[in-house]
Amino acid sequence: MASTNALQGEFVKTPGWLDWYAGPSTPRFKLPPGSVDAHCHVFGPGAEFPFAPERKYTPCDASRHQLFALRDHLGFDKNVIVQATCHGADNRALLDALRHSNNKARGIATVRRSVTDAELQEMHAAGVRGTRFNFVKRLVDFTPKEELMEIAQRIAPLGWQVVIYFEAVDLPELWDFFTALPTTVVVDHMGRPDVTKPVDGPQFQLFVKMMKEHPNIWSKVSCPERLSVAGPPALHGERNAYRDVVPFARHLVETFPDRVIWGTDWPHPNLKDHMPDDGLLVDYIPHIATTPALQQKLLVDNPTRLYWA
Ligand code: 0GY
């Protein structure tokens, strides 16, 4: 696997951009057969699938070929590819990856209210099963909630889900909108808790309460490398990383064993300090799903039910 480092067609990477790690180790944890990497992205390649004018960052290239090579190296069977904000609502790179996946990838697209029914049907045929609403201010411009609700109502009849990405401090303000969504709702990265606060403290417990009261809400228990404060960073060779995030993910896995999924988040956009070894990230899984039964649900049964039913 090789990463391109300089120009991506006419695009110049954001200064300080960290490229994905091209030499991932072989995980010690053996993934159960049929495991799904349920949160990952493709970037470009920029020369073939240009990045969106409204993007907030310009990444390195991360092609479908490279993603599928990582899938095979780590021992995953399938991918769920999430449209990254650097491509805006231009889903061509995503659709190209889905169409070349041999039914081993599903997609979460970004759509605007101007999307036509024919375009939605075409995306569905390619393997799209949801749309993503992003509330992280450093990544996207604001979209009015009525516009998002209109989109949610349009995609609901297709059986699609809404994926939501937000920071934990914003949950109180977003609660009414999230809990009114008419679809299955999947939360990225546990709603980004502040892991220096206690698991049983008010911030994380508000998120738990939302899942308890709303059985249509699921969570990705992903991204310890993004949420960890104590570290240590996933030093290549360090197999005990991100312990400060474990109690949060484990709490969700044990409380909602049938509504959690996991993903690598490759190629790890916007990490500033370190780039994880994806093999080590896989070795984090048995710390949050501690029995074979929980691992089977998290990695196989739940994502298969959600995306391949
Ligand atoms: C992630 C996280 C991030 C970025 C995006 O679409 C994106 O640009 O999702 C982030 O910067 O936190 O899940 O990939």
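Residues numbered from 1 in each chain as written. Predicted model: local features only at pLDDT ≥ 70, side-chain atom pairs only at ≥ 80, totals over all residues. Heavy atoms only, no water.

S.K.: So what exactly am I meant to see when it comes to the overall build of the protein here?
M.R.: Scanning the protein from N- to C-terminus turns up 10 helices and 10 strands. Overall size of the protein, expressed as C-alpha extent along the three principal axes, is 45 × 45 × 35 Å. The proportion of buried residues among the 309 residues of the protein is 60%. Expressed as a percentage of contacts within the protein between residues at least 6 apart in sequence, the contacts between residues at least 24 apart total 76%. Entry remark: accessible area of the protein is about 12,300 Å², with carbon and sulfur atoms responsible for 54%. Both charge centroids of the protein, one from 33 positive and one from 36 negative side chains, sit 3 Å from each other. (Helix = DSSP H or I, 4+ residues; strand = E, 2+ residues; numbered from the N terminus. Buried < 20%, exposed > 50% of the residue type's maximum accessible area, 1.4 Å probe, protein only. Contact = heavy atoms within 4.5 Å. Areas by Shrake-Rupley, 256 points an atom, 1.4 Å probe, with all protein chains shown as cover. Lys, Arg positive; Asp, Glu negative; His and termini not counted. Charge placed at Lys NZ, Arg CZ, Asp CG, Glu CD.)

S.K.: Looking at this structure, how should I read the site of the ligand?
M.R.: In the region of the ligand, 15 residues are neighbours, and H41, Y57, T85, Y165 and H189 sit closest. Within the side chain of N270, a nitrogen or oxygen atom sits 2.8 Å from an oxygen atom of the ligand. Protein chains shield 100% of the accessible area of the ligand, which is 350 Å² for the free molecule. Partitioned by chemical class, the residues of the shell around the ligand number five nonpolar, five polar and five charged. (Near = heavy atom within 4 Å. Polar contact = N/O pair within 3.5 Å; in protein donor to acceptor, adjacent residues only side chain to side chain. Nonpolar A, V, L, I, M, F, W, Y, C, P; charged D, E, K, R; others polar.)

S.K.: Looking at this model, I keep getting lost on unusual backbone geometry. Mind explaining?
M.R.: A negative phi angle characterises most non-glycine residues, just as the trans form characterises most peptide bonds. At the junction of G44 and P45, the peptide bond is cis and its omega measures out at 5° in the coordinates. Here P45 is to be found in the loop between β3 (36–40) and α1 (64–74). Look at N103: it is not a glycine, yet its phi comes out positive at around 65°. Secondary-structure assignment places N103 in the loop between α2 (92–99) and β5 (105–109). The class of N103 is partly exposed, set by a relative accessible area of 47%. Even without a glycine there, the phi angle at H268 is positive, about 60°.

S.K.: Could you clarify how one ought to interpret the packing of helix α4 (residues 145–155) against helix α5 (residues 171–180) in this entry?
M.R.: Packed helices, taken two at a time, are described by the angle between their axes plus the distance between the axes. Orientation of α4 relative to α5, taken along the N-to-C sense of each, is 20°, at an axis distance of 11 Å. In terms of their interaxial angle, α4 and α5 are classed as roughly parallel. In the crossing of α4 with α5, the sense of the turn from one axis to the other is right-handed. Facing α4, whose interface residues are K145, L148 and M149, α5 presents E173, L174, F177 and A180. Here the residues of the contact of α4 with α5 are counted per class, giving five nonpolar, no polar and two charged. (Axes fitted to C-alpha atoms, helices over the stretch in contact; angles between N-to-C directions. Parallel < 35°, antiparallel > 145°, perpendicular 65-115°, else oblique. Left-handed = near helix turned anticlockwise from the far one by under 90°.)

S.K.: Quick question: what am I supposed to make of the environment of F51 here?
M.R.: As for its placement among the helices and strands, F51 is situated in the loop between β3 and α1. Taking the C-alpha atoms as reference points, F51 and G88, 37 residues apart in sequence, are found 7.7 Å from one another.

S.K.: Mind showing me how you'd approach α2 here?
M.R.: An α-helical turn contains 3.6 residues, so any two residues separated by three or four positions project in the same direction. Of all eight residues that make up α2, six are buried, and the element is covered over most of its length. By the burial criterion, the buried members of α2 are A93, L94, L95, D96, A97 and L98. Looking at the buried side of α2, the elements it contacts are α1, β4 (78–82), β5, α3 (117–126) and β6 (128–134).

S.K.: Even after reading the chapter, I still don't get the pattern of salt bridges, so can you show me in this structure?
M.R.: Should the charged atoms of two oppositely charged side chains come close, the side chains can pair. Counted under the stated rule, the structure contains 22 salt bridges. Put simply, E213 and K209 hold a salt bridge, and the shortest N to O gap is 2.8 Å. With E213 and K209 both in helix α6 (residues 202–213), this residue pair falls four residues apart, about one helical turn. Exposure remark for E213: the relative accessible area of 44% places this residue in the partly exposed category. (Salt bridge = Lys/Arg side-chain N within 4 Å of Asp/Glu carboxyl O.)

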